[in-house]
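# Tertiary structure, described
If you want the building blocks of each chain, they are given just below.
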Amino acid sequence: MLKMKKLTISVSFYLLSTLFGQTSGKISGKIIDASTETPMVGANIIIVQTQAGISADENGYFNLINVSPGKYSVKAMMIGYETVNIENVVVSVNRTTSLDIKMKQSVVEGQEVIIYASKLSRKKDQTSTVKNISSEEMAILPVENLSAVVNMQAGVVAGHFRGGRSDEVSYMIDGIPVNDSFGGVAAVSSLEVEAVKDLEVITGTFNAEYGNAMSGVVNAVTKDGSNEYVGSFNTGYSTYITGNEKNNEEIFIGLDPFGKNANTDLKINFSGPIIKDKLFFFSNYRSQNSNGHLNGIRRFEVWDLSNFYDQDSTKWLSENTGDSAYVPMSTGENSSFMGKVSYNLGNIKLALMINQNNSLSQGYNHVYKYNPDGRGFQDSKTTLSMFQLNHFMNSKMFYDFKFSRTKNDYGFYVFEDYDSYSIVSEDGNYKGLDLLAGDTLYNYVNDKYMTAFGTGFFTGGQDKGHLKRTLITNNIKFDFTIQANSAHSIKTGFSFINYELDNAGKSIRNAYTGTPLEGDSYKPITLPDSTVFSDIYNVKPKEGSFYLQDKYERDEMVINFGLRYDYFDANTSYPSQRRNPINASTYFLQTESGEDSLDNNGNLMIDQSRMSSQVQSKISSQISPRLGFAYQLGGLAVLHFSYGHFIQMPPMYSIFSNHSSIIGPSDYSTTVGNANLASDSLGLNAQKTVSYEIGLWQELGKNTSFEVNLYYRDIYDLLSLAVVSTYNQVEYGIYTNKDYGNVRGLELKLDYSYNNLFLQSNYTYQFTRGNADNPSQTFNRQGSSIDEVIRLIPMSWDQRHTFNLSVGYNTEKFGVTTTGYYNSGTPYTFTPQGESNLALLNLYPNNDFKPSNYHADLSGYIKLPIIFGVKPKLDFIVYNLLDRYNEYGVSPETGRSYTAVVSETELLSHRSNFNTYEDRYKDPSMFSAPRHVKVGLTIPF
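Residues numbered from 1 in each chain as written. Predicted model: local features only at pLDDT ≥ 70, side-chain atom pairs only at ≥ 80, totals over all residues. Heavy atoms only, no water.

## What about unusual backbone geometry?
A positive phi angle is found at Asn88, which is not glycine, with a value near 60°. Assignment of secondary structure puts Asn88 in strand 6 (residues 83–91). Relative accessible area serves as the criterion here: at 37%, Asn88 is assigned to the partly exposed category. Even without a glycine there, the phi angle at Tyr668 is positive, about 60°. If you trace the backbone, Tyr668 turns up in the loop between helix 5 (653–656) and strand 44 (671–672). (Helix = DSSP H or I, 4+ residues; strand = E, 2+ residues; numbered from the N terminus. Buried < 20%, exposed > 50% of the residue type's maximum accessible area, 1.4 Å probe, protein only.)

Put into structure tokens, the structure is as follows:
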């Protein structure tokens with residue numbers, strides 16, 4: 001009988017595969033003797049690609065922790081036994097890949113057997129709904145950005161995760177939150193698809209390590225360099241190939257596919273070693289120039305003056321000095337750069353990354369159709385810098401330290417410098433003004449030019465909003481993981497975040513307003529924060545968190561349990577008396593008989609209860625429990641259940657906006673942020689979701705799997721606006737927690753793959769109810785004297801049926817993938833035309849549904865013959881393959897695009913010498929974009 005001995009693998013090899021917390025996964029399992037089913041004590045497990053390895057314990061269990069996401073080959077070895085090679089072992093971020101290995105004795109040394117990892121190996125630890133998409137999977141989908149990948153997942157309906165509001169998702173890069181903390185809706189720092197190794201999308205409950213989210217988590221894990229130099233250059237050109245007609249009517253005016261409406265795209269990717277096996281780099285750059293499919297007509301310049309007030313058309317005035325050229329009105333210039341350097345020091349790994357995004361864009365606005373130059377620009381610049389340290393202490397424990405700094409500069413304006421000007425060189429008429437040589441000509445023009453009366457469109461003028469906002473986020477994050485034994489993996493950590501928010505929102509005013517020169521003279525100025533025309537402040541809020549979670553994995557059972565503590569400190573002050581926030585009026589005490597009260601010196605006594613003073617904000621804190629359970633049924637199915645409390649602070653605009661608490665003179669014209677983070681009637685606290693989920697994953701065959709999930713969510717303390725009445729009887733809104741919603745839904749998923757063919761499909765059936773779509777809906781209804789909503793109504797994203805299907809066939813030489821989307825339509829508010837507004841009083845919002853819509857996208861590639869030693873690749877992508885004109889925006893009177901119920905009174909009110917009334921409601925942005933074709937050439941190097 002052969003003597004068995006343990007084959008030792010140096011732990012130092014294992015260190016080469018370590019990665020950072022929330023960016024790595026684990027391979028675990030049990031090794032037994034195939035004939036006796038006894039544990040294989042000391043059997044060795046090796047990841048072939050990295051030579052990382054570990055030995056099985058006395059019960060045959062093993063855990064390879066902190067493994068980089070990817071596809072691996074794993075070997076199980078022991079003297080006297082066949083070597084078992086397991087192929088296609090897929091590791092995903094924050095997931096455990098389970099391998100149960102049986103080894104047979106062998107009398108021939110070196111004998112090997114090859115098996116393939118089952119789909120079950122990736123699902124065994126799934127205690128909630130999680131989707132991990134690898135870089136290889138994203139590369140063959142008809143998508144070009146991560147948001148498109150996310151929107152393809154089950155449970156993501158009309159851009160909302162499982163029925164939540166759009167600001168309830170946490171976006172992360174390498175485990176670091178990159179949300180827009182001010183607006184809350186999107187990420188301020190984003191990665192290109194080519195820079196992502198693994199994308200984790202959680203639409204169900206999530207572990208305690210994730211916080212400040214109620215509906216979902218999106219975590220993108222970045223790529224690293226390797227010992228091979230890899231690079232590619234891609235240039236793309238895209239345009240719109242469309243019939244441009246619906247019901248024999250042209251929709252997109254002036255569409256010039258190979259001219260002004262064409263788009264360009266440039267991508268460069270390069271990575272490799274700086275010092276082999278030690279120091280690596282990865283870089284990715286992209287530049288896009290998009291002109292969109294929506295055009296306007298430059299009939300008017302911003303300084304043109306029009307007057308259609310008189311019923312007599314002979315008295316109309318209409319200066320139209322524009323060149324009547326078609327102007328793209330949905331444009332964007334975007335660039336991004338991601339650079340990363342990784343240094344491996346044995347048991348310590350360091351990484352330094354910088355990610356930069358720049359964007360300058362304009363969106364279509366129908367009322368500016370004939371005056372496109374009057375619109376403002378959105379200007380955004382974001383730089384994310386991140387330092388990461390991973391210390392692998394031994395085969396059972398490691399910790400991660402991360403420091404990140406995100407700086408986001410956001411602006412909205414026509415001109416960044418509102419008082420910019422030029423000096424007139426000679427006498428003449430400039431921008432409608434008769435000027436002399438040496439006079440000052442400002443870029444902004446007089447407000448008198450901005451009118452849409454009669455025509456329904458601006459015939460001059462400019463958007464006078466001017467916003468500059470800088471948000472700096474410094475984040476320190478620490479995570480510690482220990483494999484306490486073969487069953488328990490314990491993880492704990494904390495984070496501290498310091499913000500600096502510098503906001504300067506202004507309305508550009510005329511220095512001559514209120515003087516006789518107001519109509520003929522103009523000088524742009526901005527007013528101080530002590531007026532309703534500016535909102536200027538600098539605040540430095542803070543937040544922190546601590547969590548502890550235990551993942552128990554044993555045979556057929558997995559249990560996740562965790563607790564999380566979060567706190568938020570607004571670090572500012574707020575007025576104590578909301579009915580007189582800036583002491584605009586002084587109130588005196590009176591006796592019971594109504595006479596003024598006097599002090600001992602005979603002076604009037606001030607009623608301090610009606611006066612305001614500044615109160616320091618308090619710290620808001622919450623504890624949230626999380627529980628997940630998964631159980632393997634036989635060898636082909638996994639049942640899971642999860643429950644959790646999820647807490648999220650409202651976005652910063654609801655805390656700090658209108659920081660000076662200046663109340664305008666009109667009712668319902670002012671809203672104020674709320675830094676009173678307390679539980680009183682006018683306090684603002686964290687929003688809370690309680691989620692329940694149960695699901696079953698079933699392997700139907702070697703290449704087919706099916707999954708079903710049922711979920712329910714209660715959403716409490718949603719952001720809303722409460723009405724406050726000042727002592728002067730002016731009503732305004734203040735942010736607080738009043739709204740409620742709930743969601744229930746069903747998800748079905750079917751996946752199939754065979755050799756080069758794959759099919760992925762998902763279906764979501766969902767009901768979303770609440771008392772308000774957004775924080776201001778109730779406030780606005782009250783301001784319009786419309787009845788309060790006293791029952792739960794459908795939310796505007798309450799789409800009943802959502803179905804996505806992707807089918808692809810991809811080989812080494814060519815590939816093609818198509819994805820189809822079906823959406824049953826979201827609600828809108830049907831508003832019947834009536835002679836009296838009383839008809840609106842009992843009409844609830846979202847009382848009808850828009851038409852259903854569907855479309856298909858197609859992508860593919862063809863490897864071209866080798867030219868001068870280079871292997872070029874031709875790739876293409878077609879959006880809206882069938883050229884569907886889906887109706888995303890509809891008339892509240894008809895429920896369809898490009899239609900309206902027009903009364904005789906409305907027709908008579910239209911006064912114009914260049915358009916008709918129907919021009920007002922025929923807005924091309926109501927339709928989806930037409931067929932968009934992109935062709936690119938990739939040259940690897």
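That covers the picture; the talk isn't over yet.
## Considerations on the nonpolar core
By size, the foremost hydrophobic cluster in this structure holds 30 residues, and its most contacted members are Met138, Leu146 and Leu199. The set of elements that each furnish at least two residues to this core consists of helix 4 (146–151), strand 12 (169–173), strand 14 (196–202), strand 15 (216–222) and strand 27 (377–394). Excluding residues within four positions of it along the chain, Met138 makes contact with Ile133, Val143, Leu146, Val149, Val193, Val196 and Leu199. By size, the runner-up hydrophobic cluster in this structure holds 25 residues, among which are Tyr72, Val74, Ala76 and Ile86. (Core = buried A, V, L, I, M, F, W, Y, C linked by side-chain atoms within 4.5 Å. Contact = heavy atoms within 4.5 Å.)

## Side note on the sheet that holds strand 8 (residues 112–116)
Taken in spatial order, the 5 strands line up as 3-2-5-6-8 in an open sheet, and their pairing is mixed. For this open sheet the edge positions go to strand 3 (52–55) and strand 8, each flanked by a neighbour on one side alone. For this sheet, the mean angle separating the axes of adjacent strands, direction not counted, is 20°. In terms of strand pairing, strand 5 (residues 70–77) meets strand 6 through 6 bridges, oriented antiparallel. (Pairing = 2+ DSSP bridges. Axes fitted to C-alpha atoms, helices over the stretch in contact; angles between N-to-C directions.)

## Overview of the sheet that holds strand 1 (residues 25–33)
The 3 strands are arranged 4-1-7 in an open sheet whose pairing can be described as mixed. Lying at the two open borders of the sheet, with one neighbouring strand each, are strand 4 (61–67) and strand 7 (96–103). Going from strand to strand, the sheet's axes swing by 20° on average, the running direction of each strand aside. Taken together, the 5 bridges between strand 1 and strand 4 define a ladder with antiparallel strand orientation. By the bridge assignment for strand 4, Gly29 is matched with Phe62.

## Considering the pairing of strand 47 (residues 731–754)
Sheet topology note: the strand 44/strand 47 ladder contains 2 bridges and is parallel. Among the inter-strand pairings, Thr671 is bridged to a residue of strand 47, identified as Gly733. Hairpin connection of strand 46 (residues 704–725) to strand 47: 5 residues between the antiparallel strands, including Gln729 at a positive phi of 65°. Bridge count between strand 47 and strand 48 (residues 757–770): 14 bridges; the pairing is antiparallel. Within the sheet, the bridge partner assigned to Asp751 lies in strand 48 and is Gln760.

## Concerning the environment of His932
Residue position: His932 is located in strand 56 (residues 932–940). Residue classification places His932 among the buried positions, given a relative accessible area of 16%. Along the sequence, His932 and Asp599 sit 333 residues apart, while their C-alpha atoms lie 78 Å from each other.

## A word on the pattern of salt bridges
With the rule as written, the count across this model stands at 35 salt bridges. Lys340 is paired through a salt bridge with Asp174; the nearest N and O atoms lie 3.9 Å apart. With Lys340 in strand 25 (residues 331–344) and Asp174 in the loop between strand 12 and strand 13 (176–177), this residue pair connects regions lying 166 residues apart in the sequence. Accessibility assignment for this pair places Lys340 and Asp174 in one class, buried. The partner of Arg286 in a salt bridge is Asp265, and the shortest N-O contact between them spans 2.6 Å. In this pair, Arg286 is assigned in strand 20 (residues 279–290) and Asp265 in strand 19 (residues 263–275), connecting sequence segments 21 residues apart. Arg286 gets classed as buried once you look at its relative accessible area, which sits at 3%. Each of the salt bridges in this network shares a partner with another, and the network as a whole consists of Glu144, Glu192, Asp265, Arg286 and Lys934. (Salt bridge = Lys/Arg side-chain N within 4 Å of Asp/Glu carboxyl O.)

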